[in-house]
Structures are given as C-alpha cells and as structure tokens.
Amino acid sequence: MSDVFEIVDKDLMGRIGRLYTPHGVVETPTVMPVINPNLRLIEPAELKKYGAQMLITNSYIIYRTERLKQAALEGGLHKLLGFDGPIMTDSGSFQLSVYGSVEIDNPGIVSFERDIGTDIGVPLDIPTPPDVPYGQAREELETTLARMAEAKSYAGKMLLAGPVQGSTFLDLREEAARRAYETGFDVYPLGAVVPLMESYRYADLVDIIVHSKMGLRPDAAVHLFGAGHPMMLALAVALGCDLFDSAAYALYAKDGRYMTVDGTYHIGRLQHLPCACPVCTAHSARAIAEADETTRTRLLAEHNLYATFAEIRLIKQSILDGDLMELVERRCRAHPRMLSGLKRMMDYAPYIEKFDRASKSTFFYLGPESARRPEVLRHNRLLQNLTVTGNALITTRKDTDTAGFDHVFGVRMPFGVFPEELNETYPVGHSETISDFGPEARDLTLGHVLSFIRSRPGAAFTFACDRKWESSVLEEIAKVAQVKKLY
Ligand code: GUN
Ligand code: ZN
C-alpha cells in the first residue's frame, strides 16, 4: 500500500484522497497551478484564495536562472516562491521535448530538486508524443524507466513521481505503469498527453488513462500531466486521476481566453459573463476586454482559477453524493469530442464496474450512454447468480395477476429484469428514467432481458407488458417466452 496516499471516498474509479507531503496534507482531486518562476502573474501565496492547495513549478527553469538557482539553494524553494504549502517540481522534460536536449542529466536535476526542498520531484523522463513509431516509443520508455529507477537513489527524503510514458500504445502504457508501480513511486503522472488534449482527442486520452490504470494498483496516486481545463476534469477524475496541473489558467488569460466547464470563450466576443466569481460579478465583459493588457490578463487568470476550483469542489461533492457519472455525462455534452470520450469511457464499463461503489443516491438516465453505465452491467452480472426454475413471470406492471407463478420479476429500462425484492434498492429501485427510450437503450435492455431468459432453460417464462413495448421487441422476446399483452 502507498504510505503517502489514502483513499477516503469513491465513485466510479474516481476518489477523494489524502496525499501526505512534507508541507502538509492535500485533499485530492485537485489542480496544481503552474508557476513560472520568472513570470509571476499571480503571487503563489495568493493562490490559496482561489482554492489551490499545492503548486507545481519547473526546477529546470530555476536551475538555469542563476539568480533563482542561488536563492533556491540558499533559502529553499518554498522561500523563493513565498508559498508554505506543498510544491511539486517538474524536471525539464518539457524543455527536452521542445528543444530536443537539456543542459543537465537525470541525477543532476533530481539532486537539485532534492536540495531545494521540493515536496515531490520528477525525474528527467522522455515525453514521447502520440503516434510515433512503436520502436521509438519502446526505446524511449526503456530510457525513462531506467532514469526513474536511477532517480530513487538521488531523491533522499523527497517524494518522487514515476511518469508513465508509452505514447499512444496502450500495451506500452500498461507495461510502463506496471513496471513503475513495481519499482515504487509516490505519485504516478501520466505523461505526454498534452498534444492529445490540445487536439481534442479525448477518446484516445480515455484509452491511455484506463490502460495506465490497469497497470497500477488502485492505491496509486495518479497525476494527469498538463491537464487542467475545467471541461475535462470530471471525466478524468471518474477514470481515476487524482492530481492535475495546469498552466492553462495563465496561458489562456494571456490570449484573452475565458475558461468555463462548457468550453472556452474569447473575452472580446462575450457580452455577458456566465459566472458568479468575484471577478465576473465586479466587472462587465467589456470592462475586462478593454482593460490594459496586464489588468485583462490578471482578471482572466483569476476567473480561470475560480472556474477551475469551483469545478473541483463540485466533483468532490459528486463523489460524496455518488452522482459523479451524472456530472460526467453532463460535462461530456460540452463538445462532440468530449462525447466521444464519454462513449469510449462506456466501452470500459465492465472494468470500471469492478471499482464502482455498490450504493449511490439516484440513477438518472440522461441519454443513451446511461444505458451502458457500470451499474447496469453490475445489475445483470449479479443476476447471473440467481437460479430460476418452474414458472416465472416478468411483468412491467405491479398489479399483474401473479397466481400460479413460482417467481415474479419486474422489468425496467435500461436495466432489464429485476427480482421484486430489489424494487427499493439502488440502482433499479432508485432510478429516474424516461419512457420514450431511443433505439440504443431499447436494444441494450432487450439484450439483457433475452440473456436473462436464455441462460435459464429450466424455467418457463411469461413476459407481461404494457403498450410501451414495441412489436419488434416483443417478436424477439416471443422466441424465448410467452408474451402476454396487458392492454
Ligand atoms: N508536462 C507535461 N507532460 C509532461 C511529461 O510527459 N513529462 C514531464 N516531466 N512533464 C510534463
Ligand atoms: Zn468568473
């Protein structure tokens, strides 16, 4: 078990956790704002006001800037930034990926991170971009893994991150995660995913997160490197990411971009501010757009931070309430590519189901993807344990005459068949659904009903239903049961 990360609540693969660092305990999920030590748009000490618990900065930039390097070595990183909470430092791998080389080696940067008092250090991993040849991804991964192992002997008491690379090769991601976990790190960042997010490849991102998680154990704290747009946080948390970091709040602000959970707006095109944060209640869109560049950037960065941490708080509340899936389904309707991400997530529902909690508040049907939720799969998986012999009735109405039947079952979209005793329990009994399902949910429900009946050849089934059941569906059911129309 991890000795620095503790899980206190769960929903889907998402969790509320506590990360113990030398400078205090951080409640996850959370976003670490990225601090550029040369460009302090918002003073690190002020960031707590917006909801930040922990920061991330770049040790390589500090190392390369003589003034910063001396100050950090003499007074420590926390004094340099004026922040007394936990600070993670990145290693210069990003510079390596942009410029092709860096002026320090792995032991050098890890020792430097240790010496300046970083809470969590990162080795000099190689961020292999998406879609490179397999051989390159394999080779760079081996280098990264060797550097990670090497970093352990230079880390001292500093917590150490073990980046998971492997480009877009899911077998490599899974292997990278497994080997990193076996070596043992305190945090596991999933690397080189920024290009995927920049090009809205959320389905590919889902693949990478899930396959990396498959190689890790659930007790591993997972960091999604470079992710921090509020639109995608709920999805990533639901897949088991605990930490995020983002320079986007500041980079977007410089470009005049205003972040929301529904996407990004350009401040110059906004006439109204769809947000209730202190910035947006005190200023008009026009006042922000027409302010001098420094003021505009500052105000947008503040709003972007408020919007990001408001979403983090909502995600945490959703985990406590057990309705994270509903939040993810809503958020994934912000952009068609997010919807692709949601659909890809549902392809993994049989895997997610293993981690999902047993009881939640109310299951809301919010669209065809809801029919593929882990809860629906779990319901049908648990039903397989039920033996049925003799005469069995499956009915859509509570007032059906049940005389002469050995078993009576209800049937409800999108779950399929359920024993009457589950009428008051989650999810079947605690669900809000609609009556006019589309074809996707209908076919999935029909599939559950048919397999329930087919897997019990020792019983004789009667299917009693109301008008809602289409004749084409009843034709299918009639092949395995006697159909009785209650109208
Ligand atoms: N920042 C964004 N992606 C990465 C990555 O893959 N590795 C490191 N070290 N930093 C990153
Ligand atoms: Zn705002």
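Residues numbered from 1 in each chain as written. Chains lettered and ligands numbered in written order. Predicted model: local features only at pLDDT ≥ 70, side-chain atom pairs only at ≥ 80, totals over all residues. Heavy atoms only, no water.

## Comments concerning the overall build of the protein chain
Point 1. Within the protein chain, the regular secondary structure consists of 20 helices and 20 strands.
Point 2. Summarising its shape, the C-alpha atoms of the protein chain cover approximately 85 × 55 × 40 Å along the three principal directions.
Point 3. Carbon and sulfur atoms make up 51% of the accessible area of the protein chain, which amounts to about 20,200 Å² in all.
Point 4. Side chains of the protein chain give 53 positive and 63 negative charges; the mean places of these two sets differ by 2 Å. (Helix = DSSP H or I, 4+ residues; strand = E, 2+ residues; numbered from the N terminus. Areas by Shrake-Rupley, 256 points an atom, 1.4 Å probe, with all protein chains shown as cover. Lys, Arg positive; Asp, Glu negative; His and termini not counted. Charge placed at Lys NZ, Arg CZ, Asp CG, Glu CD.)

## Structural notes on a nonpolar patch on the surface
Point 1. A cluster of nonpolar residues, F94, V98 and Y99, forms a patch on the protein surface that exposes about 380 Å² of accessible area.
Point 2. The residue F94 is located in helix 4 (residues 93-99) in this model.
Point 3. F94 sits in the exposed class, given a relative accessible area of 53%. (Patch = residues over 30% accessible without salt bridge, like charges linked within 9 Å, V, L, I, M, F, W, Y side chains within 5 Å. Salt bridge = Lys/Arg side-chain N within 4 Å of Asp/Glu carboxyl O. Buried < 20%, exposed > 50% of the residue type's maximum accessible area, 1.4 Å probe, protein only.)

## Notes on the coordination of the zinc ion (ligand 2)
Point 1. Around the zinc ion (ligand 2), the donor atoms from the protein are C275 (SG), C277 (SG), C280 (SG) and H303 (ND1), and they sit 2.1 to 2.3 Å away.
Point 2. Seen from the zinc ion (ligand 2), its four donor atoms lie at angles of 99 to 119°, and the figure they make is tetrahedral.
Point 3. All donor residues of the zinc ion (ligand 2) come from one chain, and their arrangement in sequence is C-x1-C-x2-C-x22-H.
Point 4. On the accessibility criterion, C277 (6% relative accessible area) is buried. (Donors = N, O, S within 2.8 Å, 3.2 Å for Na, K, Ca; no water. Tetrahedral: all angles 85-135°; square planar, octahedral: opposite > 155°, others 65-115°.)

## Thoughts on helix 15 (residues 324-331)
Point 1. Burial analysis of helix 15 places seven of its eight residues in the buried class, which makes it a mostly covered element.
Point 2. Along helix 15, the residues that are buried comprise L324, M325, E326, L327, V328, E329 and R331.
Point 3. Of the surrounding elements, those touching the buried residues of helix 15 are strand 1 (5-11), strand 2 (14-21), helix 10 (230-238), helix 14 (293-321), helix 16 (336-347) and strand 14 (363-364). (Contact = heavy atoms within 4.5 Å.)

## Describing the packing of helix 9 (residues 202-215) against helix 16
Point 1. Here helix 9 crosses helix 16 at 30°, and the two axes come no closer than 7 Å. In terms of crossing hand, the pair formed by helix 9 and helix 16 is right-handed. Taken together, the residues of helix 16 that come into contact with helix 9 (itself represented by Y202, A203, D204, V206 and D207) are R337, M338, S340, G341, R344 and M345. (Axes fitted to C-alpha atoms, helices over the stretch in contact; angles between N-to-C directions. Left-handed = near helix turned anticlockwise from the far one by under 90°.)

## Quick word on the packing of aromatic side chains
Point 1. A complete count under the given rule lists 12 aromatic pairs for this structure.
Point 2. Ring centres of Y63 and F112 lie 5.2 Å apart, and the angle between their planes is 80°; on these two criteria the pair is classed as edge-to-face. Taken together, the residues Y63 in helix 1 (residues 59-64) and F112 in helix 5 (residues 106-115) connect sequence positions 49 residues apart.
Point 3. Judged by its relative accessible area of 4%, F112 falls in the buried class. (Phe/Tyr/Trp six-rings, centres within 6.5 Å; stacked < 30°, edge-to-face > 60°.)

## Here's the deal with the pairing of strand 5 (residues 55-58)
Point 1. Alternating positions in strand 5 separate into two faces, L55 and T57 on one and I56 and N58 on the other, with burial throughout.
Point 2. Alignment of strand 4 (residues 30-35) against strand 5, held across two bridges, turns out to be parallel. Along strand 5, the bridge assignment pairs V34 with I56. (Pairing = 2+ DSSP bridges.)

## Let's talk about the packing of helix 7 (residues 170-183) against helix 9
Point 1. For the pair helix 7 and helix 9, interaxial distance at closest approach is 7 Å and the crossing angle is 35°. The two elements helix 7 and helix 9 meet at a crossing, and its hand is right-handed. Between helix 7 and helix 9, the contacting residues are L170, R173, E174, A177, R178 and Y181 on the first element and D207, I208, H211, S212, M214 and G215 on the second.
Point 2. Class assignment of the residues belonging to the contact of helix 7 with helix 9 gives a composition of five nonpolar, three polar and four charged. (Nonpolar A, V, L, I, M, F, W, Y, C, P; charged D, E, K, R; others polar.)

## Examining unusual backbone geometry
Point 1. The amide bond that connects M413 to the next residue, P414, takes the cis arrangement and shows omega of 0°.
Point 2. Tracing the sequence through the fold places P414 in the loop between strand 16 (407-412) and strand 17 (416-419).
Point 3. Look at the link from Y426 to P427: it is a cis peptide, with omega at 0°.
Point 4. Following the sequence through the fold, P427 ends up in the loop between strand 17 and strand 18 (431-432).

## Section: the layout of surface pockets
Point 1. Of the pockets and cavities examined, the second largest pocket occupies roughly 340 Å³.
Point 2. What lines the second largest pocket is a set of 21 residues, among which T395, T396, V411, R412 and F418 lie closest to the centre.
Point 3. Looking at the lining of the second largest pocket, the element that brings in the most residues is strand 16, giving five residues.
Point 4. Residue classes in the lining of the second largest pocket are distributed as eight nonpolar, seven polar and six charged. (1 Å grid on protein atoms, 1.4 Å probe; cavity = no way out; pocket = protein on both sides within 12 Å on 5 of 7 lines; lining within 4 Å. Points joined across faces, edges and corners; volume = space filled by probe spheres on them.)

## Observations regarding the site of ligand 1
Point 1. Within the structure, ligand 1 sits among D90, S91, S93, V122, D125, P127, Q165, G191, A192 and F225.
Point 2. Here D90 contributes a side-chain N or O atom positioned 2.6 Å from a nitrogen atom of ligand 1.
Point 3. At 3.5 Å, a side-chain N or O of S93 approaches a nitrogen atom of ligand 1.
Point 4. Considering ligand 1 on its own, with 280 Å² of exposed area, one finds that the protein chains cover 92% of that surface. (Near = heavy atom within 4 Å. Polar contact = N/O pair within 3.5 Å; in protein donor to acceptor, adjacent residues only side chain to side chain.)

## A few points about empty space enclosed by the protein
Point 1. A complete count under the given rule lists one cavity of 30 Å³ or more for this structure.
Point 2. A volume near 40 Å³ is recorded for the largest cavity.
Point 3. Lining the largest cavity, in full, are V31, P33, G228, S246, Y249, L305, T308 and F309.
Point 4. Counting only elements with at least two residues in the lining of the largest cavity, the list comes to strand 4 and helix 14.
Point 5. Sort the elements by how many residues they give to the lining of the largest cavity and helix 14 lands first, with three residues.
Point 6. Split by residue class, the lining of the largest cavity holds five nonpolar, three polar and no charged.

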